[in-house]
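Geometric and topological summary
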Amino acid sequence: MPNPDTDSARSSSTISSPVPVEDIRFARKTFGTWKLSFEILLETNGTSQGLDLCADLDRVGLQLKHVSFANNGCLQVRLADEGSVDPTVIEAVFDEHPGVSILKWTNHVANASAP
């Protein structure tokens, strides 16, 4: 249950590749109207593969807020989730990009009424 005295809550897990579908559903259900976003650390065979994935995630309805990358093929991505994209669709987008691995996925939950 969300604590109204807390502006944000975080959960994170290190995973080898799959999208944490159940964690996304849990966060949406538990925190209701709170803002949900995802911070994802990706490893790719090439930066362009990661950028292609980001474009596809944006196209399905996640809002791409920030991407940091270097020549080493790692990308740090921040996506806003309005709750309209089924988590299995997010998973399917990742499945279409076998050259991209999730090193870390963090769900950020922030109180929508907090400044």
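Structure's up top.
Before going further, it helps to examine the environment of phenylalanine 69. Following the sequence through the fold, phenylalanine 69 ends up in strand β3 (residues 63-69). Take phenylalanine 69: its relative accessible area is 49%, and that puts it in the partly exposed class. Counting along the chain gives 27 residues from phenylalanine 69 to leucine 42, while the straight-line C-alpha distance between them is 9.5 Å. Setting aside anything within four residues of it in sequence, one finds phenylalanine 69 in contact with Thr47, Leu51, Cys74 and Leu75.

Look at helix α2 (residues 47-60) against helix α3 (residues 87-95): their axes get within 10 Å of each other, and the N-to-C directions meet at 155°. Between α2 and α3, the angle is such that the two are roughly antiparallel. The handedness of the crossing between α2 and α3 comes out as right-handed. From α2, Leu53, Asp56, Leu57 and Val60 reach across to α3, where they touch Val89, Ile90, Val93 and Phe94. The residue makeup of the contact of α2 with α3, split by class, is seven nonpolar, no polar and one charged.

Thresholds, definitions, all that
- Sequence order as written defines the numbering, with residues in each chain counted from 1.
- Reporting of local features is limited, given that this is a predicted model, to residues whose pLDDT is at least 70; pairs of side-chain atoms are given and counted only at 80 or more, and all residues count toward the totals for whole chains, interfaces and linings.
- Side-chain metrics rest on all non-hydrogen atoms present in the structure, leaving aside hydrogens and water.
- Segments assigned H or I by DSSP are reported as helices when at least four residues long, segments assigned E as strands when at least two residues long, and all are numbered from the N terminus.
- Only protein chains enter the calculation, and the probe is 1.4 Å; a residue is then buried if its accessible area is under 20% of its type maximum, exposed if over 50%, and partly exposed in between.
- In this analysis, two residues are considered to be in contact whenever any of their non-hydrogen atoms come within 4.5 Å of each other.
- Helix axes use the C-alpha atoms of the stretch in contact, all axes being lines fitted to C-alpha atoms, and the angles between their N-to-C directions lie in the range 0 to 180 degrees.
- Between 65 and 115 degrees an angle is taken as roughly perpendicular, under 35 as roughly parallel, over 145 as roughly antiparallel, and anywhere else as oblique.
- Here a crossing is taken to be left-handed if its near helix is turned anticlockwise relative to the far helix by less than a right angle, and right-handed if that turn runs clockwise.
- The residue classification treats Ala, Val, Leu, Ile, Met, Phe, Trp, Tyr, Cys and Pro as nonpolar and Asp, Glu, Lys and Arg as charged. All others, Gly included, are polar.

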